Amino acid sequence: MTLPDGPKASPQLLSQFKSDPLGSMDAMGERYGDIFTIMAGSTPLVIVSNPQGIKQIFTSAKEIIASGQLNHGAAPLVGFNGLLMLDGLRHKHRRQLLMPPLHGTRVLAYGLRICQVADKVMNDLAIGKSFYAYPTVQKITLEVILQALFGLHEGERYEQFRQLLTNLLSFARSRWLGLTLSYPFLRQDLGGWSPWGYWQNLQRQFDKLLYTEIEERRSQADPSRTDVLSELVFARDETGQPITNQDIRDLFPSLLFGGQDASATAITWSLYWIHRLPNVRERLLEELNTLGESPDPMSIVALPYLSAVCNEVLRIYPTQVVTFPRLVESPIEVMGYELSPGTVVRGSIYLTHQREDLYPQPKQFQPERFLERQYSPYEFLPFGGGARRCPGEALALFEMKLILGTILSRYQLTLADEKRVEKPKARGVNFPPASGLEMLLLGQLPRQGRSQQLVGTL
Ligand code: HEM
């Protein structure tokens, strides 16, 4: 078997990737083209950025599988029975259970709440003072995900979850935990002051809280509840048995990480581009103004230019630069190379989105390209594809547009340093702006006419 050419995995390559992840991807793409191999020990990792090759990765389910085993390194973080660890029938079945509460009318029902939360968090900021957009937006997306996953937005249980998840998600992204995950010998519970001990303690608190909530819901069925937890509590597994509390618990960490972080990353980048390019902001405000006095969430979500801006944000800096790994199960030819079983394959979302033949002047932020052309799911893939395509896509796009619509029509913001060029930096699997994006709240726009209605009535 001749593998595509490519660099050797080395400490130097890793440090280049850490200091400038997208720059080093660009360099590899330029040097090796649409398909290249990174040799990590004896396991070849093949990276593909050609739509034909991407299509094969997503659709050749017999030859290329979405193996859960490949993600086991993340198990201490996201649980052994989380979606990422599962594959085959069980994975498919769990995804089918998650889809209804994360799509369609159930998601639409959160519209009002999303706008209110965005308004509340922004309203707490001091006028004339600077703030960091990324942690601010994270507060909003945490509230949205608490609503969608647990159906909670007030009361003692909501407060307990909110506090605990803030601590959990923030520690999960810390350097300390990163080190502990990379070096298993550091995983020793030496009490609350040791990183692993602290993490274990947070996990125990989370388990206790979630198991209490699960038992309460099992004992008091409430058919009016439409959230993910309520769906799982009464669901059956692939063998027809009720899903165990442990299995339900393990599904939540990956939903929480995906739900809070990826969305916050995308919305923060949107704020950056919209305020860096005055024409984009003006056109968005004009479009929002066409909605009249009392727009409903659906009409905001359907706005063509707002949709194009969101797509362009997800194109230029996708929150995740590569798909999760897939495993070649039986020999398959991809772009002229015969890949043998055991080869690991990833689609490069970032490099596909940087193709000059699909996106002329790819480094330029140009939302218009999405108004002028339809892209296939193998050309534009911010949510991945195939067996592991993001189950939160509908919720993510919905909240992205509503949060941006609310903020833009109600608050006047500017970048703290208009000349500063923001660079993405890896935080877990996501790539938010390295600095956290410092912005300034100049003031609130008058609460009259359409702007007032947008926030006040939703
Ligand atoms: C703008 C926001 C988001 C982006 C850009 C995004 C992107 C992605 C991508 C690229 C993948 C990997 C797909 C693949 O390997 O083919 C993924 C998987 C996943 N995402 Fe998202 N995501 C977002 C929001 C969300 C939300 C809101 C949730 C939860 C409600 C979520 C939960 C997940 C989960 C659980 C997986 C793993 C799926 C599996 O293993 O089957 N994501 N996401």
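Preceding this section is the structure that the text describes.
Residues numbered from 1 in each chain as written. Predicted model: local features only at pLDDT ≥ 70, side-chain atom pairs only at ≥ 80, totals over all residues.

Here we come to the site of the ligand. Near the ligand lie 28 residues; those nearest to it are G258, A262, G384, C390 and G392. Taken together, the elements giving at least two residues each to the shell around the ligand come down to α13 (245-276) and α19 (393-410). Element by element, the count of residues in the shell around the ligand is highest for α13, at 7 residues. (Near = placed C-beta within 6 Å. Helix = DSSP H or I, 4+ residues; strand = E, 2+ residues; numbered from the N terminus.)

Once that is clear, we can look at the environment of L232. Residue placement: L232 occurs in helix α12 (residues 228-233). Spatially, the C-alpha atoms of L232 and H353 are 36 Å apart, while their sequence positions differ by 121 residues. Not counting residues within four places of it along the chain, the set of residues in contact with L232 comprises L97, I243, I248 and L251. (Contact = placed C-beta atoms within 7 Å.)

So, about the sheet that holds strand β4 (residues 130-132). Sheet strands line up and pair through hydrogen bonds in the backbone, either parallel or antiparallel. A sheet is described by the order of its strands in space; here 3 strands give the open sequence β4-β10-β9, paired in antiparallel fashion. Looking at strand neighbours, the two that pair on one side only are β4 and β9 (411-415), the edges of this open sheet. Between one strand axis and the next, the sheet turns through 40° on average, direction left out of account. Across 5 bridges, the pairing between β9 and strand β10 (residues 438-444) is antiparallel. Among the inter-strand pairings, T414 is bridged to a residue of β10, identified as L440. (Pairing = 2+ DSSP bridges. Axes fitted to C-alpha atoms, helices over the stretch in contact; angles between N-to-C directions.)

Assignment of secondary structure puts A434 in the loop between β9 and β10. Judged by the 13 C-beta atoms lying within 10 Å of it, A434 is partly exposed. Each C-alpha atom, one on A434 and one on S15, is 16 Å from the other, the two residues being 419 residues apart in sequence. (Buried ≥ 20, exposed ≤ 12 C-beta atoms within 10 Å, placed from the backbone.)

Bringing the sheet that holds strand β2 (residues 43-48) into the picture now. Strand order in this open sheet of 5 strands is β1-β2-β8-β5-β3, and the pairing throughout is mixed. Where the open sheet ends on each side, the last strands, each with one partner, are β1 (35-40) and β3 (64-65). Sheet analysis places strand β5 (residues 326-328) next to strand β8 (residues 344-347), joined by 2 bridges and oriented antiparallel. Following the sheet pairing, L327 is matched in β8 by V344.

Let us now look at the nonpolar core. Residues A118, L149 and I403 are the most contacted members of the largest nonpolar core, which totals 100 residues. Ignoring sequence-local partners within four residues, the contact set of I403 consists of I114, A118, I140 and I267. (Core = buried A, V, L, I, M, F, W, Y, C linked by C-beta atoms within 7 Å.)

Bringing the packing of helix α14 (residues 278-289) against α19 into the picture now. Packing of α14 against α19 leaves a shortest axis separation of 10 Å and a crossing angle of 100°. Taken together, the axes of α14 and α19 are roughly perpendicular relative to one another. Listed contacts from α19 to L284, L285 and L288 of α14 are G405, L408 and S409. Residues belonging to the contact of α14 with α19 are distributed by class as follows: 4 nonpolar, 2 polar and no charged. (Parallel < 35°, antiparallel > 145°, perpendicular 65-115°, else oblique. Nonpolar A, V, L, I, M, F, W, Y, C, P; charged D, E, K, R; others polar.)

Direction vectors running N to C along helix α11 (residues 195-219) and α13 enclose 120°, while the axes themselves pass 10 Å from each other. On the basis of the axis angle, α11 is oblique to α13. Classified by chirality, the crossing of α13 by α11 is right-handed. For the pair α11 and α13, contact is made by D207, L210, Y211 and I214 and by N245, I248, R249 and F252, respectively. Residues that form the contact of α11 with α13 fall into these classes: 5 nonpolar, 1 polar and 2 charged. (Left-handed = near helix turned anticlockwise from the far one by under 90°.)

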